[in-house]
Amino acid sequence: MFDNLKKVHAWIDADGAYDRGPGPRVSQAKQETMYALSKCMTCGCCVEACPQSNNHSKFVGPQIIAQVRLFNTHPTGHTQKSIRLHPLMEEGGIADCGNAQNCQRICPKNLPLTDSIAAIGRDVTIQAIEDLFSFPDRET
Ligand code: SF4
Ligand code: SF4
């Protein structure tokens, strides 16, 4: 789980070298979403219950997808959303979820895991379209 958290950049970069001021305002709706997702204690119950997660599978699991949603919902974290979404577009990413929903039922912290999988599924689709129309900088 920790390797996968590193893979999806599950943190917000802040070096603390200078005062960045109060930061952007976060709407109440976003705060409520983020609070629910921040309660994850990395216990691994959801991964154990997931039929798609096992020693032979590269699937990152529901907890990782929920943490991508947490850090991409934060206005500062949102600026690095593609760094977190791209690993979920590869083998072992969100497409490997079979939607059995065991994770949602087992989570002791009641994280909105299936909602998060749906939300990140939409974000991954949008990211794929954005990637299609973004061209690398040309040398002049
Ligand atoms: S919905 Fe099912 S397949 Fe998808 S992460 Fe949850 S338990 Fe695994
Ligand atoms: S079961 Fe819930 S608290 Fe435990 S790792 Fe999964 S999402 Fe986090």
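Quick caveat: nothing in here was measured; it's all calculated off a predicted structure.

Participant: Account for the overall build of the protein, naming residues and giving values.
Facilitator: Within the protein, the regular secondary structure consists of 8 helices and 0 strands. The C-alpha radius of gyration computed for the protein amounts to 16 Å, which stays within 12% of the reference 14 Å derived for 140 residues, consistent with globular compactness. In terms of its C-alpha atoms, the protein occupies a principal-axis envelope of roughly 50 × 35 × 25 Å. Buried residues in the protein amount to 34% of all 140 residues. A separation of at least 24 residues holds for 73% of the contacts in the protein among residues at least 6 apart in sequence. In the structure as shown, the protein presents an accessible area of about 9000 Å², 52% of it carried by carbon and sulfur atoms. Here the protein carries 14 positive and 15 negative side-chain charges, and the mean point of each set is 6 Å from the other.

Participant: Lay out the site of ligand 1 with the relevant residues and their values.
Facilitator: In the vicinity of ligand 1, 13 residues are found, and the nearest of them are Cys50, Cys97, Ala100, Gln101 and Cys103. In terms of residue class, the shell around ligand 1 is made up of 8 nonpolar, 5 polar and no charged.

Participant: Explain the site of ligand 2 to me, using residue names and the numbers behind them.
Facilitator: Around ligand 2 sit 13 residues in total, of which Cys40, Cys43, Gly44, Cys46 and Cys107 are the nearest. Looking at the shell around ligand 2 residue by residue, the classes come out as 10 nonpolar, 3 polar and no charged.

Participant: Can you break down the side chain of histidine 9 residue by residue, with the values?
Facilitator: When you line up the elements, histidine 9 lands in the loop between α1 (2–7) and α2 (28–38). Here aspartate 13 takes part through its side chain, which lies 3.2 Å from a polar atom of the side chain of histidine 9.

Participant: Describe in detail the side chain of threonine 73, supporting the description with residues and values.
Facilitator: As for its placement among the helices and strands, threonine 73 is situated in helix α4 (residues 62–73). Within polar-contact distance, the side chain of threonine 73 engages the backbone oxygen of arginine 69 at 2.5 Å. Those residues within four positions of threonine 73 in sequence are excluded, and the remaining contacts are Lys30 and Met34.

Participant: An account of the nonpolar core is requested, with residue identities and associated values reported.
Facilitator: Counting residues in each nonpolar core, the largest one holds 25 residues, and the members touching the most others are Ile65, Leu88, Leu113 and Ile120. Tallying contributions element by element places α4 first for this core, with 6 residues.

Participant: Which residues make up unusual backbone geometry, and what values go with them?
Facilitator: Its identity is not glycine, yet threonine 42 carries a phi of approximately 55°, on the positive side. Looking at threonine 42, the relative accessible area reads 25%, which means it is partly exposed. For glutamine 101, which is not glycine, the phi torsion reads 70° and is therefore positive. Considering the arrangement of structural elements, one finds glutamine 101 in the loop between α6 (81–88) and α7 (102–106). Residue glutamine 101 is classed as partly exposed on the basis of its relative accessible area, which comes to 36%.

Participant: Talk me through α2; I want residue IDs and the actual numbers.
Facilitator: Working note: α-helix, 3.6 residues per turn, so residues spaced by three or four point in the same direction. Every buried residue of α2 is accounted for by Met34, Ala36 and Leu37. The arc that holds every buried residue of α2, seen down its axis, measures 160°, which confines them to one face. Turned more than 90 degrees away from the buried face of α2 sit Gln28 and Tyr35, all of them exposed. Lining the buried residues of α2 we find α4 and α8 (113–132).

The rules behind each value
- Every chain's residues receive numbers from 1 upward, in the order its sequence appears when written.
- Each chain gets a letter, beginning with A, and each ligand a number, beginning with 1, in the order they are written.
- Since the coordinates come from a predicted model, pLDDT governs what is reported: local features require at least 70, and pairs of side-chain atoms require 80 or more to be given and counted, while whole-chain, interface and lining totals use all residues.
- Hydrogens and water are ignored here; the side-chain numbers use all heavy atoms of the structure.
- Here a helix means four or more residues in a row that DSSP labels H or I, a strand means two or more in a row labelled E, and each is numbered from the N terminus.
- When we talk radius of gyration, it's over C-alpha atoms, and the globule rule is simply 2.2 Å times the number of residues to the 0.38.
- Only protein chains enter the accessibility calculation, which uses a 1.4 Å probe; a residue is then buried when its area is under 20% of its type maximum, exposed when over 50%, and partly exposed in between.
- By the convention used here, residues are in contact when the closest approach between their heavy atoms is within 4.5 Å.
- Throughout, the Shrake-Rupley method with a 1.4 Å probe supplies accessible areas, and for residues the shown protein chains are the sole cover considered.
- For this count, His and the chain ends are skipped, Lys and Arg are scored as positive, and Asp and Glu as negative.
- Where a charge lies is defined by one atom per residue type, namely NZ (Lys), CZ (Arg), CG (Asp) and CD (Glu).
- Being near a molecule or strand, for a residue, comes down to having at least one heavy atom within 4 Å of it.
- Residues are sorted three ways: Asp, Glu, Lys and Arg are charged, Ala, Val, Leu, Ile, Met, Phe, Trp, Tyr, Cys and Pro are nonpolar, and all the rest, Gly among them, are polar.
- Within 3.5 Å is the distance limit for a polar contact, defined as a pair of N or O atoms, with the added protein rule that one can donate a hydrogen and the other accept it, and that residues adjacent in sequence qualify only through two side-chain atoms.
- We define a nonpolar core as any set of buried Ala, Val, Leu, Ile, Met, Phe, Trp, Tyr and Cys residues linked to one another through side-chain atoms lying within 4.5 Å.
- Taking the helix axis as origin, the arc is that swept by the directions to the C-beta atoms.

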